[in-house]
There are 2 protein chains.
Amino acid sequence: MVTIDKFSRTPVYEQIADGFCREVLCGLMPEGAQMPSVRELSVLLATNPNTVQKAYLELDRRGVISSAPGVGSFIRTGAADAIRENMKSRMSEIAAIAKELALAGIPEEEALNCIRSAYRDSDQSKIKKE
Amino acid sequence: MVTIDKFSRTPVYEQIADGFCREVLCGLMPEGAQMPSVRELSVLLATNPNTVQKAYLELDRRGVISSAPGVGSFIRTGAADAIRENMKSRMSEIAAIAKELALAGIPEEEALNCIRSAYRDSDQSKIKKE
DNA sequence: TAACTGTACTAACCGCCATAGTACAGTTGC
DNA sequence: GCAACTGTACTATGGCGGTTAGTACAGTTA
């Protein structure tokens, strides 16, 4: 399930959107799967319907879901690809931080190992599921 | 000189603090060097004295400068080390993004190359200065 | 028709950032 | 001592974004 950290600096609506993106990538939300309704999810997450709606709007913008009044919101076909495409833009964030690290004289190997261990952790959790 | 991007999402006071950290790491602001006065810098950057003061407070919190009324603000001895120490916390940011990339199925090599090219760029600018 | 769905809108509140202005205390150099 | 600088503190204000609250409307489904 998607969880909310009330004390995080990242807005709740973004946490919700990111959470569902993660579920899509994990396969928990396959193409065509129905999202919980705006009102239902707002109860589950103990938040406001408007906040959930904002999250769904964001997911729509990212090409992850499509919604229809009276019907509901569903995972789009090709949602995972859309997420991957959005994800690539985050590489520039890594690059920006890496430049600062380089300037600070932190060894390149440390930064590289940081990436490697992150990928290793991710592989581990995949193995656990299999 | 430290520059301000008015349209950036990162607060001005943080841009100022980050800017001086960069200058310290570059050697432009050696230990013991005097910072411009709060009022002087506020004029140079076309911003408010309060904003500059907030930046100086942040730099003090980071262990980069120390201030005394009537005297001024100066780069602390060991400022560069303090900055490096603060910088290490940013590695967790890289790790968090890397985990997302891993989950999204973006190849590890792409992420690693992102780091490598960032370090290469940084080396280039060092060579230029030499 | 009833019960659901998404969607739109206004109003209000809060926190953070920035600006504006004023004031006080300490240091320095004349 | 005085003038000119330094950091520091304080209140007040405005803007922006995020969140909550409440209401309302339109479309779909059983």
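Residues numbered from 1 in each chain as written. Chains lettered and ligands numbered in written order. Predicted model: local features only at pLDDT ≥ 70, side-chain atom pairs only at ≥ 80, totals over all residues. Heavy atoms only, no water.

**Notes on the pairing of strand β1 (residues 65–68) of chain A**
Residue and element names in this part refer to chain A. Where β1 meets strand β2 (residues 72–75), four bridges bridge the pair, whose relative direction is antiparallel. Looking across to β2, one finds that serine 66 is bridged to phenylalanine 74. Hairpin connection between β1 and β2: a loop of three residues separates the two successive antiparallel strands, and glycine 70 in this loop has a positive phi of roughly 85 degrees. (Pairing = 2+ DSSP bridges. Helix = DSSP H or I, 4+ residues; strand = E, 2+ residues; numbered from the N terminus.)

**A look at the protein's contact with DNA strand D**
Taken together, 24 residues surround DNA strand D, and among them Val12(A), Thr47(A), Asn48(A), Asn50(A) and Gly70(B) come closest. Here, DNA strand D places atoms within 4 Å of the protein, and 63% of those atoms are sugar or phosphate. Taking Thr47(A), its side chain carries an N or O atom lying 2.8 Å from a phosphate oxygen of DNA strand D. Between DNA strand D and Asn50(A) there is a distance of 2.7 Å, counted from a base nitrogen to a side-chain nitrogen or oxygen. Counting residues per element, the ones that place at least two in the surface near DNA strand D are α1 (12–26) and α3 (49–61) of chain A together with α2 (38–44), α3 (49–61), β1 (65–68) and β2 (72–75) of chain B. Residue composition of the surface near DNA strand D, by class: nine nonpolar, 12 polar and three charged. (Near = heavy atom within 4 Å. Polar contact = N/O pair within 3.5 Å; in protein donor to acceptor, adjacent residues only side chain to side chain. Nonpolar A, V, L, I, M, F, W, Y, C, P; charged D, E, K, R; others polar.)

**Notes on helix α4 (residues 79–88) of chain A**
Those residues of α4(A) not exposed but buried are Ala79(A), Ala82(A), Ile83(A) and Met87(A). The buried side chains of α4(A) occupy one side of the element, clustering within an arc of 140 degrees when seen end-on. On its buried face, α4(A) is in contact with α1, β2 and α5 (91–103) of chain A together with α5 (91–103) of chain B. (Buried < 20%, exposed > 50% of the residue type's maximum accessible area, 1.4 Å probe, protein only. Arc of directions from axis to C-beta. Contact = heavy atoms within 4.5 Å.)

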